[in-house]
Amino acid sequence: MRADARRNYERLISTARAAFMEHGTGASLDDIARRAGVGSGTLYRHFPTRDDLLHAVLRERIEGLLAHAAELMREPAADAALAGWLRGYLDGAMTPRGTSSVLIEAMSPQWSATRLGTAAAAIRDAVGGLLERAQRAGAIRADADAADLLRLTNAIGVAAERTQDPAGYADRMLALLFDGLRTR
């Protein structure tokens, strides 16, 4: 990529991140281009779809989640590893506003060929490994699956976005979720 194209690419990601934080993931792409000081054509050359731009904005976070899951596979307490990963996932899913909804959508079959759909599948596989490990340890119910666990966690994120204390609400809801998941 030429130096000026690389600068435009980075400026678009930075501007999109700020716009998504301010207005949620539905922020106007034309407004993002204007705020970045480029034309809409430049934005669409780099990011043909909103999915491509969202993936670029969330890429580092997604890579971090996958690496964190791999690290937690070595954690001695399998249920604590799963809970810790879900908490970290939820922190990221609530910022920028609307990310939880986008991730829920990205898990559906019609998104499977998109960048976010591929990322959602990798995230589902990562949490699936942590979940299976906790289930084999007898700590988590056997009837839970990774896709449902992610949908529940994303739903907590969507609900938390609408509260005065998103982090506190998310902590309480995750505790309730885990009370339901634990074996008795």
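Residues numbered from 1 in each chain as written. Predicted model: local features only at pLDDT ≥ 70, side-chain atom pairs only at ≥ 80, totals over all residues. Heavy atoms only, no water.

Going by what an unreviewed UniProt entry lists, the protein is known as TetR family transcriptional regulator and is assigned to Actinomadura verrucosospora.

1. Concerning the packing of helix α6 (residues 99-106) against helix α8 (residues 146-160)
Rules: Helix axes use the C-alpha atoms of the stretch in contact, all axes being lines fitted to C-alpha atoms, and the angles between their N-to-C directions lie in the range 0 to 180 degrees. Helix and strand assignments come from DSSP, with helices taken as H or I runs of at least 4 residues and strands as E runs of at least 2, each series counted from the N terminus. Relative orientations are named as follows: roughly parallel for angles under 35 degrees, roughly antiparallel for angles over 145 degrees, roughly perpendicular for angles from 65 to 115 degrees, and oblique for any other angle. By convention, the crossing between two helices is left-handed when the near helix turns anticlockwise from the far helix through less than a right angle, and right-handed when the turn is clockwise. By definition, residues are in contact when any of their heavy atoms lie within 4.5 Å. Each residue is assigned to one class: nonpolar for Ala, Val, Leu, Ile, Met, Phe, Trp, Tyr, Cys and Pro, charged for Asp, Glu, Lys and Arg, and polar for all the others, Gly among them.
Orientation of α6 relative to α8, taken along the N-to-C sense of each, is 150°, at an axis distance of 8 Å. Here α6 lies roughly antiparallel to α8, going by the angle between them. By crossing handedness, the relation of α6 to α8 is classed as left-handed. Touching Ser100, Ser101, Leu103 and Ile104 of α6 are Asn154, Ala155, Gly157 and Val158, all from α8. Split into classes, the residues belonging to the contact of α6 with α8 amount to four nonpolar, four polar and no charged.

2. What to know about the environment of Leu66
Quick reminder of the rule: A simple rule labels every residue: compare its accessible area, found with a 1.4 Å probe on the protein chains alone, to the largest value its type can have, and call it buried under 20%, exposed over 50%, or partly exposed in between.
Take Leu66: it is sitting in helix α4 (residues 50-72). Residue class for Leu66 comes out partly exposed when judged on its relative accessible area of 29%. Residues Leu66 and Ala122, spaced 56 residues apart in sequence, show a C-alpha to C-alpha distance of 7.6 Å. Setting aside residues up to four positions removed in sequence, Leu66 forms contacts with Ala122, Ile123 and Ala126.

3. Digging into the packing of aromatic side chains
Basically, it comes down to this: A pair of Phe, Tyr and Trp rings is counted when the ring centres sit within 6.5 Å of each other, with Trp represented by its six-membered ring. The angle between the planes then sorts it: under 30 degrees is stacked, over 60 is edge-to-face, the rest tilted.
What the rule picks out here adds up to two aromatic pairs. Judged by centre distance (5.1 Å) and plane angle (25°), the ring pair of Tyr9 and Phe47 falls under stacked. Here the residue Tyr9 occupies a position in helix α1 (residues 3-23), and Phe47 occupies one in the loop between α3 (40-46) and α4, the gap between them amounting to 38 residues. Grouping residues by exposure puts Tyr9 and Phe47 together as buried.

4. A word on the pattern of salt bridges
Let me state the cut-off plainly: A carboxyl oxygen of Asp or Glu within 4 Å of a side-chain nitrogen of Lys or Arg is what we treat as a salt bridge.
Applying the stated rule across the entire model yields 14 salt bridges. Put simply, Asp31 and Arg35 hold a salt bridge, and the shortest N to O gap is 3.7 Å. A residue pair is termed a helical-turn pair when its members lie 3 or 4 positions apart in one helix, as Asp31 and Arg35 do in helix α2 (residues 29-36) at four residues. The partly exposed category is assigned to Arg35, whose relative accessible area is 37%. Connected via shared salt-bridge partners are Glu22, Asp31, Arg34 and Arg35.

5. Quick word on the nonpolar core
Stated formally: Residues grouped as a nonpolar core are buried Ala, Val, Leu, Ile, Met, Phe, Trp, Tyr and Cys residues, joined through side-chain atoms within 4.5 Å. Here the bounds of each domain stem from an automatic or database domain assignment.
Ile32, Leu53, Leu82 and Trp85 are the most contacted members of the largest nonpolar core, which totals 57 residues. Elements represented by at least two residues in this core include exactly α1, α2, α4, α5 (78-93), α6, α7 (115-136), α8 and α9 (166-181). Two domains each put at least three residues into this core: domain 1 (1-48) and domain 2 (55-181). What Leu82 contacts, discounting residues up to four positions off in sequence, is Val127, Leu130, Leu131, Ala134, Ile140, Leu149 and Phe178.

6. Overview of the UniProt feature "DNA-binding region" (unreviewed entry) in the protein
Worth spelling out the cut-off: UniProt positions are given in the numbering used here, feature names are shortened, and annotations may be inferred rather than shown by experiment.
Mapped onto this structure's residue numbering, the UniProt feature "DNA-binding region" (unreviewed entry) falls at residues 28-47. Helix makes up 75% of residues 28-47 and strand 0%. Its end C-alpha atoms lie 13 Å apart.

7. Section: the domain arrangement of the protein
The condition is simple: Summed over both partners, the accessible surface that disappears when two parts come together, traced with a 1.4 Å probe, is what is meant by buried area. In protein, a polar contact requires one atom able to donate a hydrogen and another able to accept it; more generally it is a pair of N or O atoms within 3.5 Å, and residues adjacent in sequence count only if both atoms are side-chain atoms.
Taken domain by domain, the protein holds domain 1 (1-48) and domain 2 (55-181). Between domain 1 and domain 2, the C-alpha centre-to-centre distance is 27 Å. Each partner contributes residues to the interface: domain 1 has eleven residues there, and domain 2 has nine residues. Between domain 1 and domain 2, roughly 770 Å² of surface is buried when both sides are summed, and carbon and sulfur atoms account for 64% of that area. It is Arg17, Met21 and Thr25 that lose the most area in domain 1 upon contact with domain 2, and together they represent 52% of the buried surface on that side. For the pair domain 1 and domain 2, the interface holds zero salt bridges. Counting every contact that joins domain 1 to domain 2 gives one residue pair in polar contact (both at pLDDT 80 or more). Looking at the side of domain 1 that touches domain 2 residue by residue, the class counts come to six nonpolar, three polar and two charged.

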